[in-house]
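A structural walkthrough
Chain by chain, the residues:
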Amino acid sequence: MDDITLKVYASDMEQVEKECVANTVTIPFGIVRKFMKLFNVDTLNDTTEILKIVMNSWDEVLEILQRIFPEIQENEWDRVDIKELVSVLFQLMKKMAKELLAIPTDSKN
């Protein structure tokens, strides 16, 4: 899977100040659990639903995002494009779901 990147813009929201790659090499179970609690993947049908969750649970979402994008400082989140953020969240959820489904199950136990 391609790297998941998020852009931080300058105050004019036109110039890209930096691009940050998500730290998804190892996503701890706590992050997956928090994501699944906030975003019910079974009923998540479109980006409007993601946006609604982000707007209503920003502090919880930010806590998770800061672990995945440690290069982004707290004051820089104000300069992230909301459409790009929603797209990144959707990509992260798909990646987490894919990784969970790839966990082998041993029916012998």
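Up top is the structure these notes are about.
Keep in mind it's a predicted model, so treat the numbers as computed, not measured. (Residues numbered from 1 in each chain as written. Predicted model: local features only at pLDDT ≥ 70, side-chain atom pairs only at ≥ 80, totals over all residues. Heavy atoms only, no water.)

1. Examining the packing of helix α1 (residues 29-38) against helix α3 (residues 58-68)
At a closest axis distance of 11 Å, the pairing of α1 and α3 adopts a crossing angle of 145°. Taken as a pair, α1 and α3 cross one another with a handedness that is left-handed. In this structure, α1 uses Ile31, Lys34, Phe35 and Leu38 to contact α3, whose residues at the interface are Glu60, Val61, Glu63, Ile64, Arg67 and Ile68. (Axes fitted to C-alpha atoms, helices over the stretch in contact; angles between N-to-C directions. Helix = DSSP H or I, 4+ residues; strand = E, 2+ residues; numbered from the N terminus. Left-handed = near helix turned anticlockwise from the far one by under 90°. Contact = heavy atoms within 4.5 Å.)

2. Considering the pattern of salt bridges
In this structure the tally under the stated criterion is 3 salt bridges. Here Arg79 makes a salt bridge to Glu17, at a shortest N to O gap of 2.7 Å. Residue Arg79 is located in the loop between α3 and α4 (82-101), and its partner Glu17 is located in strand β2 (residues 16-21); the two are separated by 62 residues in the primary sequence. Judged by relative accessible area, which is 45%, Glu17 ranks as partly exposed. (Salt bridge = Lys/Arg side-chain N within 4 Å of Asp/Glu carboxyl O. Buried < 20%, exposed > 50% of the residue type's maximum accessible area, 1.4 Å probe, protein only.)

3. Remarks on the side chain of Glu76
The topology assignment puts Glu76 in the loop between α3 and α4. Within polar-contact distance, the side chain of Glu76 engages the side chain of Lys18 at 2.9 Å. (Polar contact = N/O pair within 3.5 Å; in protein donor to acceptor, adjacent residues only side chain to side chain.)

4. Quick notes on helix α2 (residues 47-56)
All of the buried residues in α2 are Ile50, Ile53 and Val54. Axial view of α2: buried residues confined to an arc of 100°, hence all on one face. Opposite its buried face, α2 presents the exposed residues Thr48, Met55 and Asn56, each directed more than 90 degrees away. (Arc of directions from axis to C-beta.)

5. Some remarks on the pairing of β2
Of the pairings in the sheet, the one linking strand β1 (residues 5-9) to β2 comprises 5 bridges and is antiparallel in character. Bridging from a neighbouring strand, Thr5 pairs with Val21 of β2. (Pairing = 2+ DSSP bridges.)

6. Overview of the packing of aromatic side chains
Counted according to the given criterion, the structure contains 2 aromatic pairs. Relative to Trp77, the ring of Trp58 lies with its centre 6.4 Å away and its plane at 70°, an arrangement referred to as edge-to-face. With Trp58 in helix α3 and Trp77 in the loop between α3 and α4, the pair connects residues that are 19 residues apart, well separated along the chain. When its relative accessible area of 30% is taken as the criterion, Trp58 is described as partly exposed. Accessibility expressed as a relative area gives 5% for Trp77, which makes it buried. When the ring of Phe69 is compared with that of Trp77, the centres are 6.4 Å apart and the planes differ by 75°; the resulting orientation is edge-to-face. Feature note: the residues Trp58, Phe69 and Trp77 constitute an aromatic cluster, connected by ring pairs. (Phe/Tyr/Trp six-rings, centres within 6.5 Å; stacked < 30°, edge-to-face > 60°.)

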